[in-house]
Amino acid sequence: MTRKKVNFFYLIGFVIVLGMKFFYSRADSNDLEWILAPTAWWVRILGGIPFENEPEIGYVNHAFRFIIAPSCSGVQFMLITAATLIFSFVQQMKTLRKGFCWIATSLGLSYLLTVFVNGIRITTAIYLPICLEKSGVLNGWLTPERLHTLIGIVIYFTSLCVIYLMTGFIFRKLGQGGFPSPAKPHRGIIGKYVPPLFWYFFIAVGLPFLNQAFRGNGEKFGEYTLLITGGCFSIVFLFYLISSIVQKRFSR
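Given the structure is predicted, the values throughout are model-derived calculations rather than measurements.

A. Looking closely at the state of the cysteines. The tally for this structure, following the rule as stated, stands at 0 disulfides. Not engaged in a disulfide, the cysteine C161 finds its nearest cysteine sulfur in C232; these two sulfurs lie 7.6 Å apart.

B. Structural view of unusual backbone geometry. The backbone of E56 shows a phi angle near 70°, a positive value even though the residue is not glycine. Positionally, E56 belongs in the loop between β1 (52-54) and β2 (58-61). Despite not being glycine, R65 shows a phi value in the positive range, around 55°. Secondary-structure assignment places R65 in the loop between β2 and β3 (66-68). With a relative accessible area of 79%, R65 lands in the exposed category.

C. Local environment of the packing of helix α5 (residues 144-175) against helix α6 (residues 194-210). Viewed as axis vectors pointing N to C, α5 and α6 meet at an angle of 140°, and their least axial separation amounts to 9 Å. The angle between the axes of α5 and α6 places the two elements in the oblique class. α5 and α6 meet at a crossing whose hand is right-handed. When α5 is examined against α6, the residues G152, I153, Y156, F157, L160, C161 and Y164 are found in contact with a partner set consisting of P195, P196, L197 and Y200.

D. Quick look at the sheet that holds β1. Spatially, β1-β2-β3 is the arrangement adopted by the 3 strands of the open sheet, whose pairing is antiparallel. Edge positions in the sheet fall to β1 and β3, since each has one partner strand and no second. Averaged over all adjacent pairs, the angle separating strand axes in this sheet is 35°, with direction ignored. Bridging between β1 and β2 involves 3 bridges; their strand directions are antiparallel. If you follow E54 over to β2, its bridge partner there is G58.

E. Local environment of the packing of aromatic side chains. The final tally for this structure, using the stated rule, is 22 aromatic pairs. Taking the centre distance of 6.2 Å and the plane angle of 55° together, the rings of F201 and F233 count as tilted. Placement of F201 in helix α6 and of F233 in helix α7 (residues 218-251) is noted, with a sequence separation of 32 residues between them. Residue F233 is classed as partly exposed on the basis of its relative accessible area of 38%. A network of ring pairs unites the aromatic residues Y10, F14, F87, F198, W199 and F202 as a single cluster.

F. Expanded view of a nonpolar patch on the surface. A surface patch of nonpolar side chains, amounting to about 670 Å² of accessible area, comprises I189, I190, V194, F198, F233, F237, Y240 and L241. Of all the secondary-structure elements, those providing two or more residues to the nonpolar patch are α6 and α7. Among the elements that make up the nonpolar patch, the one with the highest residue count is α7 (4 residues).

G. The packing of helix α3 (residues 75-89) against helix α4 (residues 96-135), seen in detail. In the contact formed by α3 and α4, the axes pass within 8 Å of each other and the chain directions differ by 145°. Crossing of α3 over α4 shows right-handed handedness. Across from F77, M78, T81, A82, L85, I86 and F89 in α3, the residues of α4 making contact are W102, I103, S106, L107, L109, S110, Y111, L113, T114 and V117. Within the contact of α3 with α4, the residues separate by chemical class into 13 nonpolar, 4 polar and no charged.

Calculation notes
Residues numbered from 1 in each chain as written. Predicted model: local features only at pLDDT ≥ 70, side-chain atom pairs only at ≥ 80, totals over all residues. Heavy atoms only, no water. Disulfide = S-S within 2.5 Å. Helix = DSSP H or I, 4+ residues; strand = E, 2+ residues; numbered from the N terminus. Buried < 20%, exposed > 50% of the residue type's maximum accessible area, 1.4 Å probe, protein only. Axes fitted to C-alpha atoms, helices over the stretch in contact; angles between N-to-C directions. Parallel < 35°, antiparallel > 145°, perpendicular 65-115°, else oblique. Left-handed = near helix turned anticlockwise from the far one by under 90°. Contact = heavy atoms within 4.5 Å. Pairing = 2+ DSSP bridges. Phe/Tyr/Trp six-rings, centres within 6.5 Å; stacked < 30°, edge-to-face > 60°. Patch = residues over 30% accessible without salt bridge, like charges linked within 9 Å, V, L, I, M, F, W, Y side chains within 5 Å. Areas by Shrake-Rupley, 256 points an atom, 1.4 Å probe, with all protein chains shown as cover. Salt bridge = Lys/Arg side-chain N within 4 Å of Asp/Glu carboxyl O. Nonpolar A, V, L, I, M, F, W, Y, C, P; charged D, E, K, R; others polar.

This is how it looks when you write it as structure tokens:
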């Protein structure tokens, strides 16, 4: 595919991401029923935690005092995943038709994966604090609010990296059969994870910063940014260690 066509698909992807972000920023629980309902169902399957739909609020479990509200819907992760898939692999499509198909596939996969991953995150966010509270860990710096944020960062970003790596692996395998070949592999500890890192930071931190979401609560936004930075780079380093160990074992 020519550079001009690739840029055309980049523009489409950018418009989709910004459009969905704009919609999400103004959506209530009724507007997000398409993702809240399956997420609540999946959490019930995973953890045996039933939720009731309360209009204008979301899905509520009174026993655990937990609400799957718009802010907990996972739409932001869906945007990050869609952007990572579209911008990382659409240039490998050889025709316009395949390019449009990949964008549609990326959006569909992002939705399904978001429901799956967010269900795991919510189940963990409900049960883990209970376990840690009994052990007395939730004292001092590690507050329930910070733990909730860290659970989201760890599960979301780890899942994003796995999705990105698995998609690249599939493309490499398909490339041997006449499908688009993958781009040249990145080098270094951070280089291999630049796409998921960039899109996670851009959508989770960059866009809120540009919209001045930190106004009136700059300290909390700064702490959130530091948690994301520390969490994401720690996960990247962990992936690097694991891959290095695996490569050494298989190279013997």
